[in-house]
Structures are given as structure tokens and as C-alpha cells.
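Here is what each chain is made of, one letter per residue.
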Amino acid sequence: PVDAVPIHALPLIDQGKGDSAEYSPRILCMVYTMESAHPNRIRAIRETWAPGCDGFLAFSTATDKRIPAISIPHDGPEEYNNMW
């Protein structure tokens, strides 16, 4: 269920003092993974480059609120050419 992981939006434009508004781009990093990679590969991502993102989300073969990962069911075998 997608609603199991709350998504909090941040404004794209920071409302500064007076009439000046500065753009503050946000980066959402997303990866597609498999359940077997949750404890090692996803952990490595979260400890290395994911902290540089404003948000991080993993799409996976299984939902895991700790990561967070959201399961995306699909037809066919679990292979690289079938995720598109």
C-alpha cells in the first residue's frame, strides 16, 4: 500500500524577506531493488549518497517501512529487462 509511507512535500520556492523569492531545487532520489538487497545494498546507499538527497525512496519486490521501500507488483520474471 502506497499510503503506508507518508510523503511530505516541501515548497519549491522559499518565501524570503520582502518581495524576493529564491528558487530552492529539491532532489528526490529513487532506486528499484529486490527484497534480498534491502539489508546490504540499500543500507549502503542510505549511508553513502542518499543523505545528499532531499528525499529517498526505494521501489522493490517487497514493502519495507524501515527503508522505506514500496512494493511494485508486475507481470513476468524479476529481471532487468522487465522493469520498464
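Okay, so let's go over this structure.

**A look at the pattern of salt bridges**
In total, this model carries two salt bridges according to the counting rule given. We note a salt bridge from Asp64 to Arg66, for which the minimum N-O separation is 2.8 Å.

**Here's the deal with helix α1 (residues 38-47)**
Residues His38, Ile42 and Ile45 constitute the buried set of α1. In a view along the axis of α1, the buried residues occupy a sector of 75°, so they form one face of it. Along α1, exposed side chains directed more than 90 degrees from the buried face belong to Pro39, Arg43 and Glu47. Of the surrounding elements, those touching the buried residues of α1 are β3 (28-32), β4 (55-60) and β5 (69-71).

**Observations regarding the pairing of β3**
Only one face of β3 is covered, namely the face carrying Cys29 and Val31; the face carrying Leu28, Met30 and Tyr32 is uncovered. Handedness of the crossover joining β3 and β4 through α1 is recorded here as right-handed.

**Brief notes about the environment of Ala62**
Among the secondary structure elements, Ala62 is positioned in the loop between β4 and β5. When the C-alpha positions of Ala62 and Pro73 are compared, they lie 8.7 Å apart, and in sequence the two are 11 residues distant. Residue contacts for Ala62: discarding those within four places in its chain leaves Glu35, His38, Ala69 and Ser71.

**Describing the environment of Gly55**
Within the fold, Gly55 resides in strand β4. Here the alpha-carbon distance between Gly55 and Arg26, two residues 29 residues apart in the chain, equals 8.3 Å.

**Considering the sheet that holds β5**
Within the open sheet, the three strands sit side by side as β3-β4-β5. Their pairing is parallel. The strands lining the two open edges of the sheet, one partner per strand, are β3 and β5. Taking each pair of neighbouring strands and ignoring which way they run, the sheet shows an average axis angle of 25°. Bridge count between β4 and β5: three bridges; the pairing is parallel. Each residue of the ladder has a partner; that of Ser60, found in β5, is Ser71. Running over the sheet, α1 touches β3, β4 and β5 and is turned about 160° from β4.

**Examining the state of the cysteines**
Tallying each qualifying case throughout the model produces one disulfide. Cys29 shares a disulfide with Cys53; S-S distance 1.9 Å. Residues Cys29 and Cys53 are joined by a disulfide whose S-S torsion is about -85°; by sign, that bridge is left-handed. With Cys29 in strand β3 and Cys53 in the loop between α1 and β4, the pair connects residues that are 24 residues apart, well separated along the chain. Given a relative accessible area of 12%, Cys29 falls into the buried group.

How each quantity is defined
Along each chain, numbering runs from 1 in the same order as the chain's sequence is written. Note on the predicted model: pLDDT of at least 70 is required for a residue's local features to be given, and 80 or more for side-chain atom pairs to be given and counted; whole-chain, interface and lining totals, by contrast, use all residues. The basis for the side-chain values is all heavy atoms of the structure; hydrogens and waters are excluded. By definition, a salt bridge exists where a carboxyl oxygen of Asp or Glu is found within 4 Å of a side-chain nitrogen of Lys or Arg. The buried label goes to any residue with under 20% of its type's maximum accessible area, the exposed label to any with over 50%, and the partly exposed label to all in between, with areas taken from a 1.4 Å probe on protein chains only. Secondary structure is summarised from DSSP: a helix means a run of H or I of at least four residues, a strand means a run of E of at least two, and numbering begins at the N terminus for each. The arc in question is traced by the directions running from the helix axis to the C-beta atoms. Contacts are assigned to residue pairs with any non-hydrogen atoms lying within 4.5 Å of each other. Convention used here: a crossover is right-handed provided that the path from the first strand, over the helix, to the second strand proceeds clockwise when the strands point away from the viewer. Strands pair, by our definition, only if DSSP identifies at least two bridges between them. Axis geometry follows a simple rule: fit a line to the C-alpha atoms, using only the stretch in contact for helices, then measure angles between N-to-C directions, giving values from 0 to 180 degrees. Cysteine sulfur atoms are paired as a disulfide whenever they fall within 2.5 Å.

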